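Remarks on the overall topology
If you want the building blocks of each chain, they are given just below.
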Amino acid sequence: MKKNRRDLLNKLFLRRFFIRGIFIFAGSVIQGFAMGVFLFPHSIPSGGGAGIAVLLNYWFQTPMSIGLWLTNFIFLISSVHYLGKVSAVGTIITITITSVSVNVFEVYAASPFTNLWSDLLVGSVILGSGVSILLKQGVSNGGIGFAALAISKYKNIDPAKVLFVMNGSIIIITSYVIDWVIIVQAVLCQWISTRIVSWLLNAPYPKSPHYTIAWRKKS
């Protein structure tokens, strides 16, 4: 009896682990799609990590891919104490899948639009959708998102608001150092994507209908 129960619990655990892995993979690919197809072709930073990577490239000629991964990893390590190693592992996987997805989509996919602002709008909405899927699974879209989760947990603040402030501050600094032209696009991208994240995280999910059997006495 105990063995059967243990086997059942193991199967349930593996099933939940597998389903969670699918959602993490999907969220990572979705945000990689938004970056590689709609945002990065216009040099629009999708977040604070991308902004820091741009600065590292500007100051030290560090490749963007290395700068992006390194920046996210540093923020991740600084916050692992608050969210745990399991969430950190999930975020590392997210960063890796997203990076690979960006490279693939940049090579094999192109935006159907020819207008920068259309790409900005669509890319921001898709980015926010991918990030919300990851946050639902207890992982973030990157090291800065992981730090935002830690702060929101410690201060009891909406993680979308924390993420917006952190990313916005880094983008302002990046724009000041390099070019003020990108600030409007980058901040607008962050505002739209974080609104989508906040809405999806707080949206009420419809409950499945509950049916009962009603017995009626024949006349």
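Rules of the game
Residues numbered from 1 in each chain as written. Predicted model: local features only at pLDDT ≥ 70, side-chain atom pairs only at ≥ 80, totals over all residues. Heavy atoms only, no water. Helix = DSSP H or I, 4+ residues; strand = E, 2+ residues; numbered from the N terminus. Expected span 1.5 Å × (residues − 1). Buried < 20%, exposed > 50% of the residue type's maximum accessible area, 1.4 Å probe, protein only. Axes fitted to C-alpha atoms, helices over the stretch in contact; angles between N-to-C directions. Parallel < 35°, antiparallel > 145°, perpendicular 65-115°, else oblique. Left-handed = near helix turned anticlockwise from the far one by under 90°. Nonpolar A, V, L, I, M, F, W, Y, C, P; charged D, E, K, R; others polar.

Let us now look at helix 5 (residues 116–136). Over its 21 residues, helix 5 runs 30 Å from end to end, which matches the ideal 30 Å to within 8%, given 1.5 Å per residue. When we look at burial in helix 5, the residues that qualify are Asp 119, Leu 120, Gly 123, Ser 124, Ile 126, Leu 127, Gly 128, Gly 130, Val 131, Ser 132, Leu 134 and Leu 135. A positive phi of about 80° marks Gly 138, the residue just after helix 5.

Another point: the packing of helix 5 against helix 8 (residues 181–202). Interhelical geometry of helix 5 versus helix 8 gives an angle of 40° and a closest axis separation of 8 Å. Looking at the two axes, helix 5 sits oblique to helix 8. Two packed elements cross with a definite hand, and for helix 5 against helix 8 that hand is right-handed. Its residues assigned to classes, the contact of helix 5 with helix 8 shows 16 nonpolar, six polar and one charged.

What follows deals with helix 2 (residues 48–60). Residues separated by three or four positions in an α-helix point in the same direction, a consequence of the helix having 3.6 residues per turn. Helix length check: helix 2 (13 residues) gives 18 Å between terminal C-alpha atoms against 18 Å at 1.5 Å per residue, within 8%. Among the residues making up helix 2, those that are buried are Gly 48, Gly 49, Ala 50, Gly 51, Ala 53 and Leu 55. Just downstream of helix 2, Gln 61 is the residue with a positive phi angle, here 55°.

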